[in-house]
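Coordinate inspection notes
Chain by chain, the residues run as shown.
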Amino acid sequence: MAAALVDGVPACRREIFFLLRSTVRKFASLTDGEARVAQILKEKFPQAAAIKVVDISGGCGAMYEIHIESEEFKEKRTVQQHQMVNQALNEEIKAMHGLRIFTSVPKQRD
């Protein structure tokens, strides 16, 4: 059975393209969920040099990507750093589908 075509493109491919295209936001303001998660992380990691939270679920709050640069991660393995972030967001994670975590220690300036 042949796949349904829409404008010469299989319907399933159009849906995938739409989903990929719709997850890219064109504005700089934070969603309510991004702001809430960022605020919690700022409170839990007061020494953080940088915190970035991006809703990668298209704005519905189901999945976030988090980047944190903090001295608090110094001399900790990556898994320990990620556990610290998971613990900080313990309650919020319950309502999420997924979470991408990127952690680092600020580079030393000479």
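As a reminder, the structure under discussion sits directly above these lines.
Starting afresh in each chain, residues are numbered from 1 along the sequence in its written order. Whole-chain, interface and lining totals are the exception, using all residues; otherwise, since this is a predicted model, local features are given only for residues with pLDDT of at least 70 and side-chain atom pairs are given and counted only at 80 or more. In computing side-chain properties, one takes all heavy atoms of the structure into account and sets aside hydrogens as well as water.

**Some thoughts on the sheet that holds strand β5 (residues 98–104)**
By way of backbone hydrogen bonds, the strands of a sheet pair with one another, either parallel or antiparallel. Strands sit in the order β3-β4-β5 across an open sheet of three strands; the sheet is mixed. Sheet topology places β3 (48–55) and β5 at the edges, where each strand pairs with a single neighbour. On average, each strand axis in the sheet is inclined to that of its neighbour by 10°, with strand direction left out of account. The pairing criterion for strands is at least two bridges between them, as found by DSSP. Each helix is a run of H or I in the DSSP string that is no shorter than four residues. Each strand is a run of E no shorter than two, and both are numbered from the N terminus. Where β3 meets strand β4 (residues 63–70), seven bridges bridge the pair, whose relative direction is antiparallel. For V53, the partnering residue across the bridge sits in β4 and is I66. The contact criterion used throughout is that any non-hydrogen atoms of two residues lie within 4.5 Å. Axis geometry follows a simple rule: fit a line to the C-alpha atoms, using only the stretch in contact for helices, then measure angles between N-to-C directions, giving values from 0 to 180 degrees. Against the sheet, helix α2 (residues 32–44) makes contact with β3 and β4, and its axis sits at roughly 155° relative to β3, the strand it touches most. Against the sheet, helix α3 (residues 78–88) makes contact with β4 and β5, and its axis sits at roughly 130° relative to β5, the strand it touches most.

**Details of the nonpolar core**
Throughout, nonpolar core names a set of buried Ala, Val, Leu, Ile, Met, Phe, Trp, Tyr and Cys residues whose side chains join them through atoms within 4.5 Å. The classification of residues rests on relative accessible area computed with a 1.4 Å probe and restricted to protein chains. Under 20% of the type maximum is buried, over 50% is exposed, and intermediate values are partly exposed. Core analysis: the largest hydrophobic core is formed by 15 residues, its most contacted members being L41, I66 and V85. It is α2 that provides the largest number of residues to this core, a total of four residues. Discounting residues that sit within four places of it in the chain, V85 has contacts with L41, F45, I68, F73, I101 and T103.

**Side note on the environment of E92**
By secondary structure assignment, the location of E92 is in helix α4 (residues 90–93). Spatially, the C-alpha atoms of E92 and G33 are 9.5 Å apart, while their sequence positions differ by 59 residues. Contacts of E92, omitting those with residues within four sequence positions, involve R36 and I40.

The analysis is restricted to geometry; functional conclusions fall outside its scope.
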